[in-house]
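# Chain and residue survey
Next come the chains, spelled out residue by residue.
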Amino acid sequence: MKGAGSKNAWALFLMMLVGVVLGGFIGILAAKVPWLGWLSYGQSFGLENPIILDLGLLVLTFGLNIKITIAGIIGVIISVIIYRFL
């Protein structure tokens, strides 16, 4: 049984996901501003070409590409801080 002060892990995950998305969006916008361009600096990794599984009747395509930027990391940190104070 959860205590009265325990927090929901799914809510934290959702807040972190929102932080990554908003941080990435801010990073894309900041890339156009010369003095904020450092926010869009990051690394991208994943599958360059998706994996295609053709079963004849059904075709499945698997792919994953993740881009981590400075703005995304800042977004996650801010979302965790907001979550702790809520």
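Calculation rules
Residues numbered from 1 in each chain as written. Predicted model: local features only at pLDDT ≥ 70, side-chain atom pairs only at ≥ 80, totals over all residues. Heavy atoms only, no water. pLDDT = per-residue confidence, 0-100. Helix = DSSP H or I, 4+ residues; strand = E, 2+ residues; numbered from the N terminus. Pairing = 2+ DSSP bridges. Phe/Tyr/Trp six-rings, centres within 6.5 Å; stacked < 30°, edge-to-face > 60°. Buried < 20%, exposed > 50% of the residue type's maximum accessible area, 1.4 Å probe, protein only. Contact = heavy atoms within 4.5 Å. Polar contact = N/O pair within 3.5 Å; in protein donor to acceptor, adjacent residues only side chain to side chain.

Take the confidence of the model for the chain next. Low-pLDDT stretches of the model should not have their predicted coordinates read in fine detail. Confidence along the chain averages 89 in pLDDT terms, with 92% of residues attaining 70 or more. Between the elements of the chain, mean pLDDT differs from a low of 91, seen in strand β4 (residues 65-69), to a high of 95, seen in strand β3 (residues 59-62).

Regular strands have side chains that alternate between both faces of the sheet. Direction of pairing for strand β2 (residues 51-54) relative to β3: antiparallel, over a ladder of four bridges. Residue pairing for β3: Leu53 is matched across the bridge by Leu60. Taking the residues between adjacent antiparallel strands as the criterion, β2 and β3 are bridged by four residues, where Gly56 takes a positive phi near 90°.

In this section: the packing of aromatic side chains. Counted according to the given criterion, the structure contains one aromatic pair. Centroid distance Trp10 to Phe13: 6.1 Å. Interplanar angle 90°. Geometry classified as edge-to-face. With Trp10 and Phe13 both in helix α1 (residues 9-30) and three residues apart, this pair spans about one turn of that helix. The exposure class assigned to Trp10 is exposed, which follows from its relative accessible area of 65%.

Attention shifts here to the side chain of Thr69. When you line up the elements, Thr69 lands in strand β4. Not counting chain neighbours up to four residues away, the residues in contact with Thr69 comprise Gly23, Gly24, Leu39, Ser40, Tyr41 and Gly42.

What follows covers the side chain of Ser79. Mapped onto the elements, Ser79 comes out in helix α2 (residues 70-85). For Ser79, a relative accessible area of 5% corresponds to the buried category. At a separation of 3.3 Å, a polar atom in the side chain of Ser79 contacts the main-chain carbonyl oxygen of Met15. Within the structure, the side chain of Ser79 is placed 2.7 Å from the backbone oxygen of Val76, a separation counted as a polar contact.

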